Amino acid sequence: MNEQEYCKKVQEVFEFLLSSSCHIHDDTLYHKLLDSLNGKMIIPEFAESCGVIDFLQRAGNNTDISPDTLVFAVQLVEKLVSKLELPGIHLENMSVLIETVALRTSVDNLSVFCALFTTMTTILQCPCIKEFCLNIDFQDILKKSFDILKEERSIFLSRAVSEFICSLFSSKMAESQEAKKLLKELQTIIVNFDRDGSQRVLSPSMLCSLRVLEKAPHLFNDSFAEILDVLIILMKIGSTQSSTTAARCLHSLCLQCQDRAKSERVKSLVTEAIETVDIVKGLHIAKVLYPLQLLERSSLENTILEPLQMLDKTNHSPAMHSSLPAVSLSLTIVNDCNIQKLEACKCVAEVLKMTENRPDDFTGSGCYSFTGSSKLQIKCLDYLGSYTSKEVMLSVISSISNIVSYTTEHMIYGKCLLCLCRLLPEVLCSSCYSSERSTVKSDLSKIKESVQRNFCSVEWEFRDTSCEFVRNLMDKHKDKEGVIQWMLDSRFHVFACQAVGDGESYVRATSLSTLQTVLLSSYRTNLLQDMNTTIDEIISQILDVCKTDSEAFPRRSAARLLHHCLLDLSYLLHPDSIQCIAQCFSTSLPSDFDWEVKLIVVEFWCAILKRCFDADLDKETSDQPLGIVVSLDCLKNEKDGKRGYVSISSAINVLLKLSCDYDPSVSERVCQELCWICETLEKFVLKISSATNDDNRSDWCVCAHCSQLITELLNRMTEGKEKTRNDSVFKTDYDSNAVSLLDDILLLDRSQDNNDEDNAIDCY
Amino acid sequence: MKLSCLSGNPSKPCFILHFKGVTLMLDCGLDISQVLKFLPLSVVPKSDNYDKKWNHSDKEKDKILGDELKEVAGSVFVDGSLEFCAPEFGMTTLSEVDAILLSNHNTMLALPYVTEYSGFKGTVYCTEPTQQIGRQYMEELVTYVERNPRNKKCSKWKSDAILSSLPTFLREAIRPTAWRECYTKHDIQACLSRVQTVGYNEKRNIYGALIITACSSGYSIGSCNWTIKSPYQKICYISGTSTLTTHPKPMDTEPLRQSDLIIVSSMTKTPGYNPDQMIGEFCMNTVVTIKNGGNVLVPCYPSGMIFDLFECLSSHLDSCGLTTVPLYFLSPVSDSSLAYSNIYAEWLSGSKQSRVYLPEPPFPHAELVSIGRLRQYLNIHDGLQNDFKSPCIVFAGHPSLRMGDVVHFIELWGKSTGNTILFTEPDFPYLEALAPFQPLQMKVCYCPIDTGLSFSQANKLMRDLKPGHLVVAESYVQPPSNLSHKTDMVVDYDPPPLTYKRGEILTLPIKRQFETVEITPNLAKNVSPVEVKPGCMVSMVTAALNIKDNKYTLELLPDGHLSGKKRRADGSLIREKSYIWGSLNIQSFVDALTRQGITDIKVEDTEDGSIIDLPNDDTLIQVEGASTHIICNGEEIVRTKIRDTLLRCLQKL
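In this text the structure is predicted, and so the values were computed from the model without any measurement.

Cut-offs applied
- Residues numbered from 1 in each chain as written.
- Chains lettered and ligands numbered in written order.
- Predicted model: local features only at pLDDT ≥ 70, side-chain atom pairs only at ≥ 80, totals over all residues.
- Heavy atoms only, no water.
- Helix = DSSP H or I, 4+ residues; strand = E, 2+ residues; numbered from the N terminus.
- Rg over C-alpha atoms; globule rule 2.2 N^0.38 Å.
- Buried < 20%, exposed > 50% of the residue type's maximum accessible area, 1.4 Å probe, protein only.
- Contact = heavy atoms within 4.5 Å.
- Areas by Shrake-Rupley, 256 points an atom, 1.4 Å probe, with all protein chains shown as cover.
- Lys, Arg positive; Asp, Glu negative; His and termini not counted.
- Charge placed at Lys NZ, Arg CZ, Asp CG, Glu CD.
- pLDDT = per-residue confidence, 0-100.
- Buried area = accessible area lost by both parts, 1.4 Å probe.
- Salt bridge = Lys/Arg side-chain N within 4 Å of Asp/Glu carboxyl O.
- Polar contact = N/O pair within 3.5 Å; in protein donor to acceptor, adjacent residues only side chain to side chain.
- UniProt positions renumbered as here; feature names shortened; annotations may be inferred.
- Core = buried A, V, L, I, M, F, W, Y, C linked by side-chain atoms within 4.5 Å.
- Pairing = 2+ DSSP bridges.

Participant: What exactly am I supposed to notice about the overall build of chain B here?
Facilitator: The number of helices and strands found in chain B is 18 helices and 35 strands. Over its C-alpha atoms chain B spans a radius of gyration of 35 Å, topping by over 25% the 26 Å that the globule rule assigns to 653 residues. Projected onto its principal axes, the C-alpha positions of chain B cover 115 × 70 × 55 Å. When burial is assessed residue by residue, chain B has 52% of its 653 residues classed as buried. Counted over contacts in chain B with a minimum sequence separation of 6, partners at least 24 positions apart contribute 70%. For chain B, the accessible surface area stands at approximately 28,900 Å², while carbon and sulfur atoms represent 49% of it. Computed over 65 positive and 72 negative side-chain charges, the inter-centroid distance for chain B is 3 Å.

This is the structure:
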């Protein structure tokens, strides 16, 4: 369809939208139409020719227009004004529409007003804003916006208006008389804030005023003292919203403040506020101020750590029950603000120590209300998992050993193990570990027992977390002999790898991933010895998982494991195992139900091809462990029936098969890969043809199978490219055919249905 | 109504209840914990461990003692045939016991001592599974004792003079002189032949006086609570009850409501341990040991919780990928235990019952047996050596570790740190049980699983059942000694529960006020009842009260007596007297008085009735709801006239 026809169709659609019979229930059609038009309108003339300008003009005058169409029209104005340099006459039409909507439409129509203020916010930042405002009563619009704020209507509308007002003061209109008048009113709202503190939830108008204050504090210089008072009151209210807003405003005031005395006054008032409010409110304020650098961080840290330090001084007195919320909040802030300092670490370790006993244990020392508190434990472990100083390391290990021995929450167990994973290298290297009197050995032994027990827990989450722990240890500390030795002595690796036969699929998957990590490390011999098995037996077991496991997660992990085993450990494998793996990747896995398994198959064969090509291109690498890969020669040997399982031809065959997979993610990925495969193969053909004599070349070309394969590959790649260019997984029919959207909208025109006899008959 | 407590262990209860002229024995538990004072009966003839004689510091006493006591790893044990602490049967005359009600297999092991050695002539009531499983428990016990007997009977150490000077462990033995040797298989047969089995909610009449009913208690297959009802009283006996969902039929609380009194026994022995968590611990520790290449030994009884252990453990082994680890179950009654468990579908939980309709065996252990994963043997010589494969899990009796095949396995595996012994039965303190095997290298885990009522469950149940009175063991109203800070671990009820302990007789606070009496048709014909209020008719009856089989019947007087005439004990006649009833109609009364010539009658209404003033006769008549006073200061004749007039205005029988 040419442009003219398209424009005609668009005009028809506009006609329908303006008609009183227009009822489009699905508002996504409006959005799609908007996107479609936005994509096509590159020049103002197009907007004119397809009737957009006319539509907007008529929309403003039409009183019967549906609210959804009005929203569409307003949004269309936003797109046009922000995108195109429109002539003055068009701008005038659009400003008329905006003014009509702003002044004549009822505010109850929330969606229209939301769209209006969003549009105005965008237009305020456009170069043509002044010209645009020439034709509208800007004063009225501002008044309307301010009224809406005060009336506290829908939260969405308030937000849109608030955005509009904020952007006004950073736009070219900021200096206008109307804006100055509005600013006065905003100042009044702040200054007249209810000072007795009863108003805990801030009104939209107050919030908007504070936002303006935060963005442009210099505009409020006239009433600095009063505003400062209000901000301090807001801060003292203690709710997160008021504290955060006030803190940001104060920070902004300080940044913009040229007068040093004023800045100092702000700081001293804030410090005083923190000291006078109760501990929980003080913590809220400190939390907000910490990232802002309004005050010295050290003084804020003191405030944040105060509840924790008080606990230490009171020596775990049960009388500290009331401090539980403060301690909890303090720990949250320490975590959120990432205060990685020795003092904080000591406090956190101390709290962890107080929680380490069982919840029903009254015999140990510690504050009763903290004993066994999982909430506090999680917070402490979160912190200690990211930072633990050497001074508290042993205390933390001791607490962890107690917690893991009884906890029934796998989250806590997991965090304990993460923390342990981080600390183990230092603990095992510390002098305490070798000292006879130290308890760290018994703590680690207790942890060892608990982890072993949890490998066999009734709850799968514990078993899974234990396997994950082994994987983490191997991943993070494979070069730290002490850690690995401790793990091997504890037989964790055996427990983790035995879980391949676990009843829960997630555990099987994690176990297989752990097995992969262990096998690919230099400690695989320990595993094989301890499990009294061979690598080929393990491979056979994993092949069974690939073929028979009913769950996708273990199959994915198993496929990944086989992939890495074949590529990195092929020199250890028996040829039969290699053949079984290759067969599995050629026959069973490509027809797996799970798309991710198939993606692993694609990755596997691509990796094999890369190795093949590399081996052929660089003779030095051809003697590398992947000697099992029958390289490019296999293509030529096909005709002799010497086809190997791990070969270029089998790789290409599988990839060709998967390129037609019903799952678009798989087929798209294969098509992407086919590009470089084709390029490389073409290079090979060229290289062989130039480097060898004519006879060899004829061999290559004479091989019917090879030439057929390459031809098919090239065809598929071309198809794939075409498909990728035109299509995308996320692309819809409307994206590829804009007219169909217009047709669909027109189909909704019921006025035509009455005359359509066929439709009437169909209905019955 | 009296209740005698014969047992010192509330988990092995034995009571005598005197109720309405009937003497009932409630349960007949045998406290086996005293066998811990003895050396184990080795399956393989005597090990060197037990040979060291214990020497008394007093040479005189040492001489008397001879070699009765042996020392093993610092503890002293009796080297003689095993003896058991039977209930205090001396508190009552057992031949007068009319019936014995048994709640479950755990509370009947002392039954042969009653039925075979006491002149007992009554009937024993229990459910069929209780009878069969109880038989298995008894037979297992007798087999263990008789299989490797220690024929020497030791009694010198029991004399007061010596006992008081022995180490604490032996010194604290309760009345060792009353301990008895084990009964025989013949006793078991004879004893169980007296049993009459009952179904749940089946009513049985005890000599016409009481109706007893068994209702499901949810503790084990066929376990029950008893309701004992007379027409006007209801007593419930709750023993071995579980509100948890395990394999038996769930507890039935409905029959236990509206009772005057509830007697509670056999609550959990391990209130500090949650059964669910313990099963988890059990499974976890088993798998850890197996994964480390060790063997697991589980001392157990031949029935009950073991079925749940098989089920949970096998599924957990499956989920941990240990599908090939063998489970060996050794007991002289292992075959009948496994077989019986699968035929009692109607006594099992709903989920187990529904499996039967598939049809599948209700317990998964049937499948484990069929695939050869669970293998049962009567003893270690029953072909176990041919199939034995390590690592494995062995379930063997007896949980006291003083007899049975478990003794052999501890001796076999005790020296290796890789093996684990897992205690699940809560009847015996595990450290005392292990004492004669020390020093022991194998790991020891204590995961007691007792599904009996916990204190919170019991309190909740009682709040729901609302009995008039509650009778519990003395130990249930104070926190357990090892958890003294747990003040919530007590039975709490209003009115405060009555408590019992060994050797105590309680007078129960239930007074019999009413009795049902039947009237023979002949007597009924002569009765002329008068309706005193709607639905209530009254009549005078003179009859002979006949009591037979605890049934009361009113019959016509025998011919020799003058019918209808009341007589004193000496035969003299009692003057016939009529009984007046009804309320006085003031107007009729005033009219009647007028007719008697009394004039100038003034009636004044008061709050409670009326005052009639007869000024001419100087008389006041005060008529109230339930009384009439005639205050007459005048002549006696006036008083009599008024009285007679009043009586005429009322109705009489």
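Participant: How should the confidence of the model for chain A be read in this particular structure?
Facilitator: For residues with low pLDDT, the predicted coordinates do not support detailed interpretation. Residues and elements named next belong to chain A. Here chain A averages 80 in pLDDT, while 84% of its residues score no lower than 70. The weakest mean pLDDT in chain A belongs to helix 42 (residues 757-763) at 42; the strongest belongs to helix 28 (residues 505-520) at 94. Predicted confidence for residues 618-643 stays below pLDDT 50, and this span has 49 contacts to residues more than four positions away or in other chains. Segment residues 693-702: pLDDT under 50, and nine contacts once partners within four positions in sequence are set aside and those in other chains are kept.

Participant: I keep staring at the interface of chain A and chain B and nothing clicks. Help me out?
Facilitator: Accessible area lost when the parts come together is the quantity often used to give the size of an interface. Taken residue by residue, the interface counts 17 residues in chain A and 16 residues in chain B. Across the chain A/chain B interface, buried area totals approximately 1,400 Å², and carbon plus sulfur atoms make up 54% of it. Ranking the residues of chain A by area buried against chain B places A:Arg453, A:Cys456 and A:Val458 at the top, with a combined share of 39%. Across the salt bridge formed by B:Glu281 and A:Arg453, the nearest N and O atoms sit 2.9 Å from each other. On the surface where chain A and chain B come into contact, there are eight residue pairs in polar contact (both at pLDDT 80 or more). Elements supplying a minimum of two residues to the side of chain A that touches chain B: helix 24 (440-455) and helix 27 (492-498) of chain A. The element that contributes the greatest number of residues to the side of chain A that touches chain B is helix 24 of chain A, accounting for four residues.

Participant: Before we go on, may I ask you to explain unusual backbone geometry in this structure?
Facilitator: Residues and elements named next belong to chain B. Here the amide bond leading from Leu358 into Pro359 is cis, since omega sits at -5°, within 30 degrees of zero. Residue placement: Pro359 occurs in the loop between helix 10 (350-356) and helix 11 (365-370). Across the junction of Gly397 and His398, the peptide omega takes the value 10°, indicating a cis bond. Along the chain, the position of His398 falls in the loop between strand 19 (393-396) and helix 13 (405-413). Despite not being glycine, Asn201 shows a phi value in the positive range, around 65°. Within the secondary structure, Asn201 is located in the loop between strand 10 (195-198) and strand 11 (203-206).

Participant: Where do I start with the UniProt feature "domain: Beta-Casp" (unreviewed entry) in chain B in this structure?
Facilitator: Taken from the UniProt record, the annotation "domain: Beta-Casp" (unreviewed entry) applies to residues 306-434 of chain B. Taken end to end, residues 306-434 of chain B has its terminal C-alpha atoms 21 Å apart, with 41% of it in helix and 12% in strand.

Participant: Just checking my understanding: could you explain the nonpolar core for this structure?
Facilitator: Generally speaking, nonpolar side chains in soluble globular proteins are found buried as a group. Membership of the largest hydrophobic core comes to 425 residues, with the highest contact counts inside it found for A:Leu17, B:Met25, B:Phe84, B:Phe89 and B:Phe395. For this core, the element with the most residues is helix 33 (residues 595-617) of chain A, which contributes twelve residues. Leaving out residues up to four positions away in the same chain, B:Phe89 has contacts with B:Leu6, B:Cys14, B:Met25, B:Cys28, B:Leu94, B:Ala110, B:Tyr113, B:Val114 and B:Arg180. Ranked by size, the runner-up nonpolar core spans 15 residues in total, among them B:Val590, B:Ile601, B:Ile612 and B:Val638.

Participant: Would you mind showing me how to read the pairing of strand 5 (residues 75-78) of chain B here?
Facilitator: Each regular strand displays side chains that alternate between the two surfaces of the sheet. Residues and elements named next belong to chain B. Where strand 4 (residues 69-72) lies against strand 5, four bridges are found, and the strand directions are antiparallel. Each bridged residue has a counterpart across the sheet, and for Leu69 the counterpart in strand 5 is Val78. Between strand 4 and strand 5, which follow one another and run antiparallel, lie two residues, and Ala73 among them has a positive phi close to 50°.

Participant: Would you take a moment to explain the pattern of salt bridges for this structure?
Facilitator: Taken as a whole and judged by the stated rule, the model has 45 salt bridges over all chains. The salt bridge partner of A:Arg463 is A:Asp502, with a shortest N-O separation of 2.7 Å. Of this pair, A:Arg463 sits in helix 25 (residues 460-477) while A:Asp502 sits in the loop between helix 27 and helix 28, and the two are 39 residues apart along the sequence. The pair A:Arg463 / A:Asp502 is uniform in exposure class, with both members buried. One salt bridge connects A:Asp594 with A:Arg556, and the closest N-O pair in it is separated by 2.7 Å. Of this pair, A:Asp594 sits in the loop between helix 32 (575-588) and helix 33 while A:Arg556 sits in helix 31 (residues 552-568); the two residues are 38 residues apart in sequence, bridging distant segments of the chain. One continuous salt-bridge network, built from bridges that share partners, spans B:Asp67, B:Lys70, B:Asp79, B:Arg150 and B:Lys152.

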